[in-house]
Amino acid sequence: MFLGVCVVISLFAVQLLRLQALDASAMAQEALGGRLTTVTVPALRGAVLDTHGVTLAASVERWDVVASQRVVAAWQQFVPDPARPGTTIKLTLGPHDAALLLAPLLGQDVDALTTKLTGTRGYVVLKRSVTPQVWRAVDDLDIGGVSGTRTSQRVHPSGGLAAPITGWFSGDNKPLGGMETRLDAQLTGKDGKSTFERDPYGRQIATGQIAGFDAVPGNDVRLTIDRDLQWKAEKALAVQVRATGALSGTAVVMRVSDGAILALANAPTFDPNATGEALGANLRNRALGDIYEPGSTGKVMTAAAAIEEGVVKASSPFTVPSTLRRAGKTFQDSHSHPVEHLTFAGVLATSSNVGTIMAGERVPPATMHDYLAKFGIGRPTGLDFPGESRGILAPAQDWSGTQRYTVLFGQGLSVNAVQAAGVYQTIANGGVRMPPRLVEGVQRVDGTVATSPAATGTRVVSAATAKTVITMLEGVVSKEGTAPEAMIPGYRVAGKTGTAQRRDDTCKCYRGYTGSFIGLAPADAPQLVVAVTLQRPVKGYYGGTVAAPVFRDIMTYALQELQIPPTGAASPSIRLTTDGR
Amino acid sequence: MSQTLAASSGARAGRAPARVPARGPARPPRPTLRVVAAPVAERGRTVFVLGALALLVAGLVTLLLVNTALAQGSFRLHDLRARSGELADQSQALREDIAQQASPQRLSSKAAALGMVPSGSVAFLRLSDGRVLGVAKPAAAPTAPTVTASATSAPTTGAKATTAPTAQPTTTR
């Protein structure tokens, strides 16, 4: 008897020793493992803001509601028994009951939901990206087999506004274009981790171990874009692209003093909230990615170079026939006309190709090439925008016989819309080219913006030359010029139309036109440049008729919104014709 | 017997002092004896044990209370977190709503619904010389759409070029 008790007690003691001393740490570890849980705290992606801090794109918390059909089929719930208070009865519910409860919350049809919930699949997505509030309501229903996965969604509060600038995402939330790609390193946050002990209800145990680190949200980035101006530009452009039956269009609004792009409109564009439905061809920023031959808007570079080189003056007389034979080819003006006696200003105002060749051929090809390059043609814009194309400018020695003349009126070279606007920014800024800017800086937590150091400009032509060219461009925006439609009551406006023959990649030939207008205002103290380009418009195609009205709309709005008053000075009367001495 | 003992010893005790000097001065006087109190150490130990016990109990109770408070705090934290999350969600939803209402598209369509039209021109009053810059005139309702194409103004000569592709551009405008 005594011996038996001794043996049993000894066994107990041994087991106790084993548990408490030998295996203690392993056991404790196992128990801890049961309580310990690690939660990844997802970091929110930084927002893309406009120049005033208005949100263009931001990330918000969303939930995917998913279900296991097998579990839902066996869903049971204990409900208070109405017959016997204080007791509960077990109700066996199923997919249909679940559907009845979920339908109003998810905004789906009961029958459709029942179908989704019926079956044997372990994972069915009921609805993606519901708001946290909807998810809470769903969670409170406590339906067995229905669960949620936390995700985030990129929202664009202003709809599709500026979408080609901010960018878009793939189905699995990888940035695929625009600033989302360009500034991904800044915008991406660092996920946090939290490890803690919890009770069976998921509550944190106060005295338990806590470890981990906080999520670091991504930085907000401010662009130079002005949302309201962007909207105006997009709207005016979209209306005109539709009205003229154009393939596409772009509009660029640039601040003269620092090259900041205040609006960069594309048409047609896409809805960033539904990129899956967007046409692949529209998932791009045409203003930077598409290149075209600028045509007559390029004549301003010829004029600036010729004046800077001293081979011509605004008042220099030209006897301009309708056609001109050079390099074995006949160049012609857009309209057949009798021999005209024009000043160089008149050549530009009427956009005479013949007159431009006569003036431009006085500058050697290599010198002309250097001017074009200094104006930013064929060079990267410096924006480093995803999908950007730098355009084409062949070296002078590679120019074909006719190309030496076509470049003078903006054919035989290609630019993107921002480069084209940059040429006019240079002229408007007294001959100093500022590289275009699209990013204002990274916004700190306190709302201040860490701006990148101001870029230094490059002088392309002298201030005097720039002033002369602007005066000549004022002649374009006149009753005698090609763009009376660009006139803005009260303001002095200078600009240039372009109606270029369009290189069509489908037939590798020239077919259709590129209608454009690039202008600046106020002409005597330029603050803004607006460049409007329409690709292959079919109902009207002259830059002065299709693009100039859009320019006027956007520039009028921009001058009002930015509160730029007219200078009050009268336009200088500039002679466009000579008496034919 | 004990009585006689006590009596004899009492008698001895009574007589002794008188007899001692007579017996010889060589022996030192005996110290007087008195009744002393029970040792203090004895009582101190009891107090100490009781004190320690009390302290232990108090400590345990405190620990219990602190633990309870912590646990309660943890529950409260859990509830408050849930509430905070709920409020944050609500705030986020409201912000999204505001942002949508404040978008230019929405504002322009609301303004149009109220019969407002975009202003075609704007005038500035220059304080230095009191001059009015720009054109001050009432805005006219635009004919929809705001921007119209002059489709008819395209000359027929140009249209010819549209249909006939050319190898090299020789003209532009």
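On a predicted model such as this, the values are computed, not experimentally measured, just so you know.

Q: Would you take a moment to explain the overall build of chain B for this structure?
A: Along chain B, the regular secondary structure elements total four helices and two strands. Its helices and strands taken in sequence order, chain B reads α-α-α-β-β-α from the N to the C terminus. Within chain B, the fraction of its 173 residues that count as buried is 10%. Accessible surface for chain B amounts to roughly 13700 Å². Of this, 66% is attributable to carbon and sulfur atoms.

Q: Explain the overall build of chain A here, please?
A: When you go through chain A residue by residue, the secondary structure sums to 19 helices and 23 strands. Taken against the 2.2 N^0.38 rule, which gives 25 Å for 581 residues, the C-alpha radius of gyration of chain A at 34 Å runs more than 25% over that of a compact globule. With respect to the principal axes defined by its C-alpha atoms, chain A has extents near 140 × 55 × 50 Å. Scored against the burial criterion, the 581 residues of chain A give a buried share of 51%. For chain A, long-range pairs separated by at least 24 residues make up 70% of all intrachain contacts whose partners lie at least 6 apart in sequence. Computed over 55 positive and 48 negative side-chain charges, the inter-centroid distance for chain A is 5 Å.

Q: Please explain the state of the cysteines as it appears in this structure.
A: Disulfide: a covalent bond formed between the sulfur atoms of two cysteine residues. All names here are of chain A. Inspection of every chain in the model, using the stated rule, returns one disulfide over all chains. Put simply, Cys507 and Cys509 are joined by a disulfide, and their sulfur atoms are 2.0 Å apart. Since a negative S-S torsion denotes a left-handed disulfide, the Cys507-Cys509 link at about -80° is left-handed. On the accessibility criterion, Cys507 (27% relative accessible area) is partly exposed.

Q: Could you clarify how one ought to interpret the domain arrangement of chain A in this entry?
A: Accessible area lost upon the coming together of the parts is a frequently used measure of interface size. Residues and elements named next belong to chain A. Domain boundaries assigned for chain A yield domain 1 (44-74 + 88-188 + 205-223) and domain 2 (227-270 + 291-439 + 463-561). Relative placement of domain 1 and domain 2: their C-alpha centres are 47 Å apart. Every contact between the two is made by 19 residues of domain 1 and, on the other side, 14 residues of domain 2. Carbon and sulfur atoms make up 71% of the area that domain 1 and domain 2 hide from each other, which totals about 1500 Å². At the surface where domain 1 touches domain 2, the tally comes to zero salt bridges. Mapped by element, the contributors of at least two residues to the side of domain 1 that touches domain 2 are helix 7 (163-166), helix 8 (178-182) and strand 10 (220-223). Residue contributions to the side of domain 1 that touches domain 2 peak at four residues, all from helix 8.

Q: Sorry if this is basic, but what is going on with the pattern of salt bridges here?
A: All names here are of chain A. Overall, the coordinates contain 21 salt bridges over all chains when judged by the stated rule. Note that Arg286 and Asp290 form a salt bridge whose closest N and O atoms lie 3.5 Å from each other. Note that Glu474 and Arg492 form a salt bridge whose closest N and O atoms lie 2.7 Å from each other. On the criterion of sequence distance, the pair formed by Glu474 in helix 18 (residues 463-476) and Arg492 in the loop between helix 18 and strand 21 (494-504) is long-range, its members being 18 residues apart. Sharing partners across several salt bridges, the network here consists of Arg45, Arg154, Glu180 and Asp184.

Q: How should helix 18 of chain A be read in this particular structure?
A: Residues lying three or four places apart along an α-helix face the same way, a consequence of the helix completing one turn every 3.6 residues. Compared with an ideal rise of 1.5 Å per residue, which puts 14 residues at 20 Å, helix 18 of chain A spans 20 Å between its outermost C-alpha atoms and is within 8% of the ideal. Every buried residue of helix 18 of chain A is listed here: Thr465, Ala466, Val469, Ile470, Met472, Leu473, Glu474, Gly475 and Val476 of chain A.

Q: Just checking my understanding: could you explain the sheet that holds strand 12 (residues 261-267) of chain A for this structure?
A: In a beta sheet, neighbouring strands pair by backbone hydrogen bonds and run either parallel or antiparallel. Residue and element names in this part refer to chain A. Pairing within the open sheet is antiparallel, and its five strands lie in the order 12-11-23-22-21. The open sheet has two edge strands, strand 12 and strand 21, and neither has a second partner. Adjacent strand axes in the sheet meet at a mean angle of 10°, parallel and antiparallel pairs treated alike. Strands strand 11 (248-255), strand 21, strand 22 (509-521) and strand 23 (528-535) of the sheet are contacted by helix 19 (residues 543-561), whose axis makes an angle of about 30° with strand 22.

Q: Teacher, can you tell me more about the packing of helix 17 (residues 417-428) of chain A against helix 18 of chain A here?
A: A pair of packed helices is characterised by two quantities: the angle between their axes and the separation of those axes. Orientation of helix 17 of chain A relative to helix 18 of chain A, taken along the N-to-C sense of each, is 115°, at an axis distance of 8 Å. Together, Tyr424, Ile427 and Ala428 of chain A of helix 17 of chain A and Ala466, Val469, Ile470 and Leu473 of chain A of helix 18 of chain A make up the contact between the two elements.

Q: Looking at this model, I keep getting lost on the packing of helix 10 (residues 227-244) of chain A against helix 19 of chain A. Mind explaining?
A: Residue and element names in this part refer to chain A. Two numbers describe how helix 10 lies on helix 19: the axes approach to 10 Å, and their chain directions differ by 165°. Relative to helix 19, helix 10 is oriented roughly antiparallel. Seen from above, helix 10 lies across helix 19 with right-handed handedness. Touching Asp228, Leu229, Lys232, Ala233, Ala236, Leu237, Gln240 and Thr244 of helix 10 are Thr545, Val546, Val550, Asp553, Ile554, Tyr557, Ala558 and Glu561, all from helix 19. Partitioned by chemical class, the residues of the contact of helix 10 with helix 19 number nine nonpolar, three polar and four charged.

Q: Please clarify how the side chain of Thr343 of chain A should be interpreted in this entry.
A: Residues and elements named next belong to chain A. Structurally, Thr343 can be placed in strand 16 (residues 340-343). A relative accessible area of 2% places Thr343 in the buried class. A polar contact is formed between the side chain of Thr343 and the backbone oxygen of Arg575, at a distance of 2.7 Å.

Q: Could you clarify how one ought to interpret unusual backbone geometry in this entry?
A: Note: most residues except glycine have negative phi, and most peptide bonds are trans. Residues and elements named next belong to chain A. Following Ala267, the chain continues into Pro268 via a peptide bond in cis, with omega recorded as -10°. With respect to the helices and strands, Pro268 occurs in the loop between strand 12 and helix 11 (286-289). Each neighbour pair has its own omega, and for Ala521 with Pro522 the value is -20°, a cis peptide bond. Of note, Pro522 is situated in the loop between strand 22 and strand 23. The backbone of Ala162 shows a phi angle near 60°, a positive value even though the residue is not glycine. By secondary structure assignment, the location of Ala162 is in the loop between strand 7 (146-155) and helix 7. Residue Asp384 is not a glycine yet carries a positive backbone phi of 55°. One can find Asp384 in the loop between helix 15 (365-374) and helix 16 (403-406). The exposed category is assigned to Asp384, whose relative accessible area is 57%.

Q: How should I be thinking about the sheet that holds strand 1 (residues 36-41) of chain A in this particular structure?
A: Residues and elements named next belong to chain A. Read from one edge to the other, the open sheet built from three strands follows the order 1-8-9, with strand pairing classed as antiparallel. Unpaired on one side and paired on the other, strand 1 and strand 9 (210-213) mark the two borders of the sheet. Ignoring which end each strand starts from, the neighbouring axes of this sheet average 15° apart. Of the pairings in the sheet, the one linking strand 8 (residues 192-197) to strand 9 comprises four bridges and is antiparallel in character. Paired with Phe196 across the bridge in strand 9 is Ile210. Those strands touched by helix 2 (residues 24-35) are strand 1 and strand 8, and its axis lies near 40° from that of strand 1.

Quick notes on the rules
Residues numbered from 1 in each chain as written. Chains lettered and ligands numbered in written order. Predicted model: local features only at pLDDT ≥ 70, side-chain atom pairs only at ≥ 80, totals over all residues. Heavy atoms only, no water. Helix = DSSP H or I, 4+ residues; strand = E, 2+ residues; numbered from the N terminus. Buried < 20%, exposed > 50% of the residue type's maximum accessible area, 1.4 Å probe, protein only. Areas by Shrake-Rupley, 256 points an atom, 1.4 Å probe, with all protein chains shown as cover. Rg over C-alpha atoms; globule rule 2.2 N^0.38 Å. Contact = heavy atoms within 4.5 Å. Lys, Arg positive; Asp, Glu negative; His and termini not counted. Charge placed at Lys NZ, Arg CZ, Asp CG, Glu CD. Disulfide = S-S within 2.5 Å. Domains from an automatic or database assignment. Buried area = accessible area lost by both parts, 1.4 Å probe. Salt bridge = Lys/Arg side-chain N within 4 Å of Asp/Glu carboxyl O. Expected span 1.5 Å × (residues − 1). Pairing = 2+ DSSP bridges. Axes fitted to C-alpha atoms, helices over the stretch in contact; angles between N-to-C directions. Parallel < 35°, antiparallel > 145°, perpendicular 65-115°, else oblique. Left-handed = near helix turned anticlockwise from the far one by under 90°. Nonpolar A, V, L, I, M, F, W, Y, C, P; charged D, E, K, R; others polar. Polar contact = N/O pair within 3.5 Å; in protein donor to acceptor, adjacent residues only side chain to side chain.

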